[in-house]
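The lines below spell out each chain.
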Amino acid sequence: MFRTNVGSVDRILRVVVGLALIAIVFVGPQTPWGWIGLIPLATGLFRMCPAYRLLGLNTCGTKAV
């Protein structure tokens, strides 16, 4: 169903950035804009980025079909 198009390094960066953005909801400036971190977190966890698919990008080692 979902085709993997997010590689290992990209995945780690997405998860870290997502968690950092979500953290600012609770600490620091405590702005609700931190919830935008759910997007990179989800794409990192599922290893599938819809924007990459639309643009034909693939950072994964395997060829996406």
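As the structure is a computational prediction, the values presented were derived from the model and not from experiment. (Residues numbered from 1 in each chain as written. Predicted model: local features only at pLDDT ≥ 70, side-chain atom pairs only at ≥ 80, totals over all residues. Heavy atoms only, no water.)

*Asks:* Looking at this structure, I do not really get the overall build of the protein. What am I missing?
*Replies:* Broken down by element type, the protein carries three helices and zero strands. Listing every helix and strand of the protein by position from the N terminus yields α-α-α. The principal-axis extent of the C-alpha atoms belonging to the protein is close to 40 × 20 × 20 Å. Taking all 65 residues of the protein together, 28% fall into the buried category. Taking as baseline every contact in the protein between residues at least 6 positions apart, the subset at least 24 positions apart corresponds to 64%. Of the roughly 4,700 Å² of accessible surface on the protein, 73% is carried by carbon and sulfur atoms. (Helix = DSSP H or I, 4+ residues; strand = E, 2+ residues; numbered from the N terminus. Buried < 20%, exposed > 50% of the residue type's maximum accessible area, 1.4 Å probe, protein only. Contact = heavy atoms within 4.5 Å. Areas by Shrake-Rupley, 256 points an atom, 1.4 Å probe, with all protein chains shown as cover.)

*Asks:* Would you mind showing me how to read the side chain of asparagine 5 here?
*Replies:* Its location among the elements puts asparagine 5 in the segment before helix H1 (8-26). Residue contacts for asparagine 5: discarding those within four places in its chain leaves Arg47, Met48, Cys49, Tyr52, Arg53, Leu57, Asn58, Thr59 and Cys60.

*Asks:* Even after reading the chapter, I still don't get helix H2 (residues 38-46), so can you show me in this structure?
*Replies:* Side chains of residues three or four places apart in an α-helix project in the same direction, reflecting 3.6 residues per turn. Considered for burial, the residues of H2 that qualify are Pro40, Leu41, Thr43 and Gly44. Buried residues belonging to H2 abut H1 and helix H3 (50-55). Backbone geometry just after H2 places arginine 47 at a positive phi near 55°.

*Asks:* Looking at this structure, how should I read the pattern of salt bridges?
*Replies:* Opposite charge on two side chains permits them to pair, given that their charged atoms come into close proximity. A full pass over the atoms with the stated rule returns one salt bridge. The shortest N-O distance in the salt bridge between aspartate 10 and arginine 14 comes to 3.0 Å. Note that aspartate 10 and arginine 14 are positioned in helix H1 at a spacing of four residues, about one turn of the helix. (Salt bridge = Lys/Arg side-chain N within 4 Å of Asp/Glu carboxyl O.)

*Asks:* Help me out: how do you make sense of the side chain of aspartate 10 in this one?
*Replies:* According to the relative accessible area criterion, aspartate 10 is buried, its value standing at 15%. Here the side chain of aspartate 10 touches tyrosine 52 through a polar contact of 2.9 Å, side chain to side chain. Ignoring anything within four residues of it in the chain, the contact list for aspartate 10 reads Tyr52 and Thr59. (Polar contact = N/O pair within 3.5 Å; in protein donor to acceptor, adjacent residues only side chain to side chain.)

*Asks:* Explain the packing of H1 against H2 to me, please; I cannot follow it from the model alone.
*Replies:* The relative placement of two packed helices comes down to the angle between their axes together with the axis-to-axis distance. Closest axis-to-axis distance for the H1/H2 pair is 7 Å, and the angle between their directions is 150°. In this view, H1 runs roughly antiparallel relative to H2, as classed from their interaxial angle. The way H1 lies across H2 gives a crossing that is left-handed. Within the contact between the two elements, H1 uses Arg11, Arg14, Val15, Gly18, Leu19 and Ile22 and H2 uses Leu38, Pro40, Leu41, Thr43, Gly44 and Leu45. The residue inventory of the contact of H1 with H2, partitioned by class, reads seven nonpolar, three polar and two charged. (Axes fitted to C-alpha atoms, helices over the stretch in contact; angles between N-to-C directions. Parallel < 35°, antiparallel > 145°, perpendicular 65-115°, else oblique. Left-handed = near helix turned anticlockwise from the far one by under 90°. Nonpolar A, V, L, I, M, F, W, Y, C, P; charged D, E, K, R; others polar.)

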